[in-house]
Amino acid sequence: MTGPSATRRGSLPGFGLSLGVTVASLSILVLLPLAGLAWKSASLGAADLAKAVLSPRALAAYRLSFGAAFVAAGINVVFGLVIAWVLARYRFPGRSLVDAMVDLPFALPTAVAGIALTTLYSENGWLGRFLEPHGFKVAFAPAGIVVAMIFVGLPFVVRTVQPVLLDLDAHMEEAAATLGASRLRTLRTVILPAVMPAASTGFALALARAVGEYGSVVFISGNMPLKTEIVPLLIVTKLEQFDYAGATAIALVMLLASFALLFVINALQGRIKR
């Protein structure tokens, strides 16, 4: 049988089966757990739900988690771009070691990272003993939460931007220099427009990882309610108190907020690519 319809059917063999497996997998692994989360939260009445998600302790945890995550993701974009540029454009002794160290947060258990950062920045730590006398308290303070989130989120930016820089034609920079463009203008008009979509993707990934981070943050934060308590820890605390409905209600807020953030970031990415 010939014709356009036969060509369309044969251009992607197994599409129906593949689509069915995809929908079934997403339903089992993603949609059903999220639906269960919403259903458990709905077991609370409107008043109890509002009390659980709008309590002063929960509001303080929201502000800290999302605020620290935004700061950490922004810092990661800046330093991630620099590290990716160095790894993509320069050859130097120890480059392979530096390249491997970028992936260390992927392989290192987050609890180990938290213990290491706490040891490093505590009052008697290698760096903390020099910082705290000058008023820079990192461990058991919001600054420590930002440091932990930077640690776990940096690889997402570097590994997202680095391939773009490797594919970027160096002759474009040479042509800009030949036409009299300064290094700053070349950076602004040639390099940044090419890497901004990847950088925004890295920002979104680092932000998402930081918002949900628990293991590395719980050790260095100090876990003080209303001061250094993050949302994941608040959820675990409620679970330990057998307040399952309250825990799922706060988890639902985090879920909706994360979806909203990712939707906004994806929309901005689309505008940047255009």
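As the structure is a computational prediction, the values presented were derived from the model and not from experiment. (Residues numbered from 1 in each chain as written. Predicted model: local features only at pLDDT ≥ 70, side-chain atom pairs only at ≥ 80, totals over all residues. Heavy atoms only, no water.)

Asker: What exactly am I supposed to notice about the overall build of the protein here?
Answerer: Looking only at helices and strands, one finds 14 helices and 0 strands in the protein. C-alpha extents for the protein along the principal axes are approximately 70 × 65 × 30 Å. Across the 274 residues that make up the protein, the buried fraction comes to 35%. For the protein, the share of sequence-separated contacts (at least 6 apart) that also reach a separation of at least 24 residues comes to 75%. Summed over its atoms, the accessible surface of the protein is roughly 16000 Å², and 71% of this surface lies on carbon and sulfur atoms. (Helix = DSSP H or I, 4+ residues; strand = E, 2+ residues; numbered from the N terminus. Buried < 20%, exposed > 50% of the residue type's maximum accessible area, 1.4 Å probe, protein only. Contact = heavy atoms within 4.5 Å. Areas by Shrake-Rupley, 256 points an atom, 1.4 Å probe, with all protein chains shown as cover.)

Asker: Help me understand the layout of surface pockets, please; the structure alone is not making it clear to me.
Answerer: The probe, sized like a water molecule, is rolled over the atoms to show the empty space still left. Considered as a void within the structure, the largest pocket measures approximately 410 Å³ in volume. Forming the boundary of the largest pocket are 19 residues, of which Trp85, Glu173, Arg183, Leu187 and Ile191 lie nearest the centre. Where the lining of the largest pocket is concerned, the elements lending two or more residues are helix H4 (56-89), helix H9 (142-167), helix H10 (170-178) and helix H11 (183-211). Class assignment of the residues belonging to the lining of the largest pocket gives a composition of 14 nonpolar, 2 polar and 3 charged. Around the second largest pocket, the lining residues are Ile83, Val98, Met101, Val102, Leu104, Pro105, Tyr121, Val147, Ile150, Phe151, Leu154 and Pro155. Elements that contribute at least two residues to the lining of the second largest pocket include exactly helix H5 (95-102), helix H6 (104-107) and H9. (1 Å grid on protein atoms, 1.4 Å probe; cavity = no way out; pocket = protein on both sides within 12 Å on 5 of 7 lines; lining within 4 Å. Points joined across faces, edges and corners; volume = space filled by probe spheres on them. Nonpolar A, V, L, I, M, F, W, Y, C, P; charged D, E, K, R; others polar.)

Asker: Which parts of the structure should I look at to understand the environment of Gln162?
Answerer: Along the polypeptide, Gln162 turns up in helix H9. What makes Gln162 buried here is its relative accessible area of 8%. Each C-alpha atom of the pair Gln162 and Ala88 lies 6.2 Å from the other, and the pair is 74 residues apart in sequence. Apart from residues lying up to four places away in sequence, Gln162 is in contact with Ala84, Leu87, Ala88, Arg95 and Asp99.

Asker: Is there a simple way to think about the packing of helix H7 (residues 110-121) against H9 in this case?
Answerer: Packed helices, taken two at a time, are described by the angle their axes make and the gap between the axes. At a minimum axis separation of 11 Å, H7 and H9 run at an interaxial angle of 135°. Classified by the angle between their axes, H7 and H9 sit oblique to one another. Taken as a pair, H7 and H9 cross one another with a handedness that is right-handed. Residues Ala113, Leu117 and Tyr121 of H7 lie in contact with H9, whose contacting residues are Val147, Ala148 and Phe151. (Axes fitted to C-alpha atoms, helices over the stretch in contact; angles between N-to-C directions. Parallel < 35°, antiparallel > 145°, perpendicular 65-115°, else oblique. Left-handed = near helix turned anticlockwise from the far one by under 90°.)

Asker: Teacher, can you tell me more about the nonpolar core here?
Answerer: Taken as a class, soluble globular proteins show a tendency for nonpolar side chains to be buried jointly. If you look at the biggest cluster of nonpolar residues, it comprises 55 residues, and the most contacted ones within it are Tyr62, Ile145, Met149, Val161, Leu165, Val231 and Ile250. Contributions of two or more residues to this core are made by helix H3 (46-53), H4, H7, H9, H11, helix H12 (215-221), helix H13 (231-240) and helix H14 (244-273). No other element matches H4, which puts 12 residues into this core. Aside from chain neighbours lying at most four places away, what touches Tyr62 is Val53, Gly67, Val231, Ile250, Val253 and Met254. (Core = buried A, V, L, I, M, F, W, Y, C linked by side-chain atoms within 4.5 Å.)

Asker: How should I be thinking about the pattern of salt bridges in this particular structure?
Answerer: Opposite charge on two side chains permits pairing when their charged atoms draw close. Under the counting rule described, the total for this entry stands at 6 salt bridges. Glu229 is the salt-bridge partner of Arg57, the closest N and O atoms lying 2.7 Å from each other. In this pair, Arg57 is assigned in helix H4 and Glu229 in the loop between H12 and H13, connecting sequence segments 172 residues apart. Between Arg159 and Asp103 there is a salt bridge; the shortest N-O distance is 2.9 Å. (Salt bridge = Lys/Arg side-chain N within 4 Å of Asp/Glu carboxyl O.)

Asker: Would you take a moment to explain the environment of Ala170 for this structure?
Answerer: Considering the arrangement of structural elements, one finds Ala170 in helix H10. Linking Ala170 and Arg89, residues 81 residues apart in sequence, is a C-alpha distance of 9.4 Å.

Asker: Help me out: how do you make sense of H7 in this one?
Answerer: Helical periodicity: at 3.6 residues per turn, an α-helix aligns residues three or four positions apart in one direction. Along its 12 residues, H7 runs 16 Å from first to last C-alpha, staying within 8% of the 16 Å computed at 1.5 Å per residue. Buried within H7 we find Ala113, Gly114, Leu117, Thr118 and Tyr121. The buried residues of H7 all sit within an arc of 130° when viewed along its axis, so they share a single face. For H7, the secondary structure elements touched by its buried residues are helix H8 (128-131), H9 and H12. (Expected span 1.5 Å × (residues − 1). Arc of directions from axis to C-beta.)

Asker: So what exactly am I meant to see when it comes to the packing of aromatic side chains here?
Answerer: Any pair of aromatic rings gets described here by the distance separating the centres and the angle formed by the planes. The final tally for this structure, using the stated rule, is 3 aromatic pairs. Pairing Phe242 with Tyr244 gives two aromatic rings, centres 6.2 Å apart and planes at 80°, and the pair type is edge-to-face. A relative accessible area of 63% places Phe242 in the exposed class. We classify Tyr244 as partly exposed; its relative accessible area is 40%. (Phe/Tyr/Trp six-rings, centres within 6.5 Å; stacked < 30°, edge-to-face > 60°.)

These results come straight from atomic positions and should not be treated as a statement about function.
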